[in-house]
Amino acid sequence: MRKQLYIYTAICCLVSFASCKKILDAPPVSSITNESYWKAEGDVTGYMTGINADFRNLMNTTLYFEDRSDVFVLGLEGATTTAWAQNLTPLNAPNWINFYNLIHHCNLVIKYAPTITTGTAANINRALAQAYFIRAHTYFSLIRTWGNVPIVLQPTESAERDLPARAPANEVMALILSDIEEALKNFPENGFVNKNRVSKPAVYALKADALLWKNKVLAGTTSDLEAAITAADLALASGASLLSNFSEIHATDKRKNAEIIFSFYFLRDEKSDQYGSRLKPRDIFVAAATNVAQLPFSKNGARSVYAPSAKIQILFAANDVRKANSFITAVDAANNVIGVFDNKFRGTAYPDDRYYENEIVLYRAAEMILFKAEALAALNRIPEAKTELDKVRLRAGIGVYTGAMDKLSFEKELLNERGREFWMELKRWPDLVRFHFGGTINIYNEVPNLLGKSIPLFSPIPNTQIFLNPNLKQTEGYVN
């Protein structure tokens, strides 16, 4: 395994040089991959260990899927991102290079895993299926962040390579759905082997997610909605189900529980510093709190860059069990509020300090239920959608939905329910964009930092990317 990880790291280094074509005369990556690697089952499964670590690192941030939304205000320590401030420009744009580095490594597995004829076929096929999923999810992240993006289907094995233009998001979505089908085809089992690794149920979850985006944002058809319902049902059919106790879903002593479909592994001394640490107080800021013993503070690992917005907090009714499990307020002896902090990802308190090692849950059972409700509502099958919505509401202790049953009112409540259920789970910005394009809301009236602005909903790309690749065009709505 150590040798495999060394080779994975060496290939990463070569890729970083090869990506600078026109500037550096880089040696081809194939000097490693073709001559001394991709010979045995362990080469594939070991390489996937590195890919999974990179996938986790890419998702361990609020930058892409929370910062631009309405759930954060300035915390105690700053500094916030330009994405949160809605001040994105080609000069400060987020870079997609790490996404494409991950795609490159998936492309290597997709190219070479089928050529290996020794070892256990099931293990090789499972790794291949996982690579297809991760490539599909990475492209899904790309189109949700930047809109039109380049399609790269071959690994970078030579310094001489084509410089691709940005493909329409519809074409990228077609690739995503194709990769999903390839993943489903290659998995040797229907259920879970390890919930910290991609499984067939996780692929069905991604399929439901992607199809809802396709229908609402990319002007899809009703067949996308029907297929999303089927995919959500299949993700649940493997045995994932709602936990009765909401507080256990993300607890560090309840990992890989029945609700989880796919999560990223975190553990002190292997990987901590989960993104939730950016909404936690350092001990010095809350020392005067009368409830300091209940606060998820840390001496070293915390930094309260953001705090939960008032808007997200008031979505929760007083009797919603998720409220106390999502937010915690520090107050002093005079009952003055010192700060409000995330309480979902509390980490683990060790004798020396608290470490933020909650697993990042990419998909869980509640989302499949709400995906199904969303698709049914979009089909104007509101009573059926309400049945699904009520399953999540009842677990939260707020009772069944009793509001208006017209499509617009129901979909607004569904968006609110997703806001409550998935606070800080990297869902809010894509949700707002999806419901905006679906006609439920006007996002420019929902996000405080978008009020009075016309900044596009898809991010710009850095000018340096266009300098390196003249075939790239800036995201529509931005001026170089």
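A. Representation of the overall build of the protein within the structure. The helix and strand inventory of the protein stands at 17 helices and eight strands. Over its C-alpha atoms the protein spans a radius of gyration of 22 Å, differing by no more than 12% from the 23 Å that the globule rule assigns to 480 residues. Relative to its full complement of 480 residues, the protein shows a buried share of 57%. The long-range share in the protein, meaning contacts at least 24 apart out of those at least 6 apart in sequence, stands at 70%. Surface summary for the protein: the accessible area is close to 18800 Å², and the carbon and sulfur share equals 54%. A distance of 1 Å separates the average location of the 52 positive side-chain charges in the protein from that of its 49 negative side-chain charges.

B. Structural detail: the packing of aromatic side chains. Per the stated rule, a full pass over the model turns up 26 aromatic pairs. A centroid spacing of 5.7 Å and a plane angle of 70 degrees characterise the contact between Trp96 and Trp146, whose relative ring orientation is edge-to-face. With Trp96 in the loop between strand S1 (72–74) and helix H4 (97–112) and Trp146 in helix H5 (residues 121–146), this pair connects stretches of sequence that are 50 residues apart. Both residues of the pair, Trp96 and Trp146, count as buried. Taking the centre distance of 5.2 Å and the plane angle of 85 degrees together, the rings of Phe316 and Phe327 count as edge-to-face. Remark: Phe327 occurs in strand S4 (residues 327–331) and Phe316 occurs in the loop between helix H10 (310–313) and helix H11 (321–326); sequence separation between them is 11 residues.

C. Expanded view of helix H7 (residues 200–217). Here H7 spans 25 Å end to end across 18 residues, near enough to the 26 Å set by a 1.5 Å rise per residue. Residue Ala219 follows H7 closely and has a positive phi angle near 55 degrees.

D. A look at unusual backbone geometry. The step from Gly78 to Ala79 runs through a cis peptide bond, and the omega angle for that step is -5 degrees. Phi at Lys256 takes a positive value of approximately 55 degrees, unusual for a residue other than glycine. Looking at where Lys256 falls in the secondary structure, it is placed in the loop between helix H8 (222–237) and strand S2 (260–264). Phi at Asp269 takes a positive value of approximately 75 degrees, unusual for a residue other than glycine.

E. Spatial organisation of the pairing of strand S5 (residues 337–342). Pairing of S4 with S5 involves five bridges; the strand directions are antiparallel. What sits directly across from Val331, in S5, is Val337. Counted between consecutive antiparallel strands, the loop separating S4 from S5 contains five residues, among which Asn335 sits at a positive phi close to 65 degrees.

F. Inspection of the side chain of Glu259 at higher detail. Tracing the chain through its elements places Glu259 in the loop between H8 and S2. Beyond its immediate stretch of four places on either side in the chain, Glu259 contacts Ala240, Ser241, Leu242, Leu243, Ile249, Arg364, Ala365, Ala366, Arg395 and Glu421.

G. Up close: the packing of helix H14 (residues 407–421) against helix H15 (residues 428–437). Look at H14 against H15: their axes get within 10 Å of each other, and the N-to-C directions meet at 170 degrees. The angle between the axes of H14 and H15 places the two elements in the roughly antiparallel class. Across the interface between the two elements, Glu411, Leu414, Leu415, Arg418 and Gly419 from H14 touch Arg428, Asp431, Leu432, Arg434 and Phe435 from H15. Residues belonging to the contact of H14 with H15 are distributed by class as follows: four nonpolar, one polar and five charged.

H. Structural view of the nonpolar core. Among the nonpolar cores identified, the biggest contains 130 residues, and Phe133 and Ile176 are the most heavily contacted of them. Here this core gets 14 residues from one element, more than from any other, and that element is H5. Those residues in contact with Ile176, other than ones at most four positions away along the chain, are Ala136, Tyr139, Phe140, Ile143 and Ala210. Judged by nonpolar contacts, the second largest core, of six residues, contains Val286, Ala289, Leu295 and Phe341.

I. Summary view of the pattern of salt bridges. Enumeration over the complete set of coordinates arrives at 44 salt bridges. Of the charged contacts in the structure, one is a salt bridge between Glu359 and Arg255, with a shortest N-O distance of 3.4 Å. Here the residue Glu359 occupies a position in the loop between strand S7 (354–355) and strand S8 (360–364), and Arg255 occupies one in the loop between H8 and S2, the gap between them amounting to 104 residues. For Arg255, a relative accessible area of 23% puts it in the partly exposed group. The salt bridge involving Glu421 is made with Arg364; its shortest N-O contact spans 2.8 Å. Here Arg364 lies in strand S8 and Glu421 lies in helix H14, a separation of 57 residues in the sequence. Neither residue differs from the other here; Glu421 and Arg364 are each classed as buried. A cluster of three or more residues bridged by salt bridges with shared partners is formed by Glu259, Asp320, Arg322, Lys344, Arg364, Arg393, Arg395, Glu413, Glu417, Arg420, Glu421 and Glu425.

J. Region of the structure containing the environment of Leu414. With respect to the helices and strands, the residue Leu414 is situated in helix H14. Separated by 367 residues in the primary sequence, Leu414 and Tyr47 have C-alpha atoms spaced 40 Å apart. Contact partners of Leu414, with chain neighbours within four places excluded, come to Leu370, Ala373, Glu374, Leu389 and Phe435.

K. Structural view of the environment of Leu236. By the secondary structure assignment, Leu236 is in helix H8. Here the alpha-carbon distance between Leu236 and Leu91, two residues 145 residues apart in the chain, equals 44 Å. When near neighbours in sequence (up to four residues on either side) are disregarded, Leu236 contacts Ala365, Met368 and Ile369.

Rules and cut-offs
Residues numbered from 1 in each chain as written. Predicted model: local features only at pLDDT ≥ 70, side-chain atom pairs only at ≥ 80, totals over all residues. Heavy atoms only, no water. Helix = DSSP H or I, 4+ residues; strand = E, 2+ residues; numbered from the N terminus. Rg over C-alpha atoms; globule rule 2.2 N^0.38 Å. Buried < 20%, exposed > 50% of the residue type's maximum accessible area, 1.4 Å probe, protein only. Contact = heavy atoms within 4.5 Å. Areas by Shrake-Rupley, 256 points an atom, 1.4 Å probe, with all protein chains shown as cover. Lys, Arg positive; Asp, Glu negative; His and termini not counted. Charge placed at Lys NZ, Arg CZ, Asp CG, Glu CD. Phe/Tyr/Trp six-rings, centres within 6.5 Å; stacked < 30°, edge-to-face > 60°. Expected span 1.5 Å × (residues − 1). Pairing = 2+ DSSP bridges. Axes fitted to C-alpha atoms, helices over the stretch in contact; angles between N-to-C directions. Parallel < 35°, antiparallel > 145°, perpendicular 65-115°, else oblique. Nonpolar A, V, L, I, M, F, W, Y, C, P; charged D, E, K, R; others polar. Core = buried A, V, L, I, M, F, W, Y, C linked by side-chain atoms within 4.5 Å. Salt bridge = Lys/Arg side-chain N within 4 Å of Asp/Glu carboxyl O.

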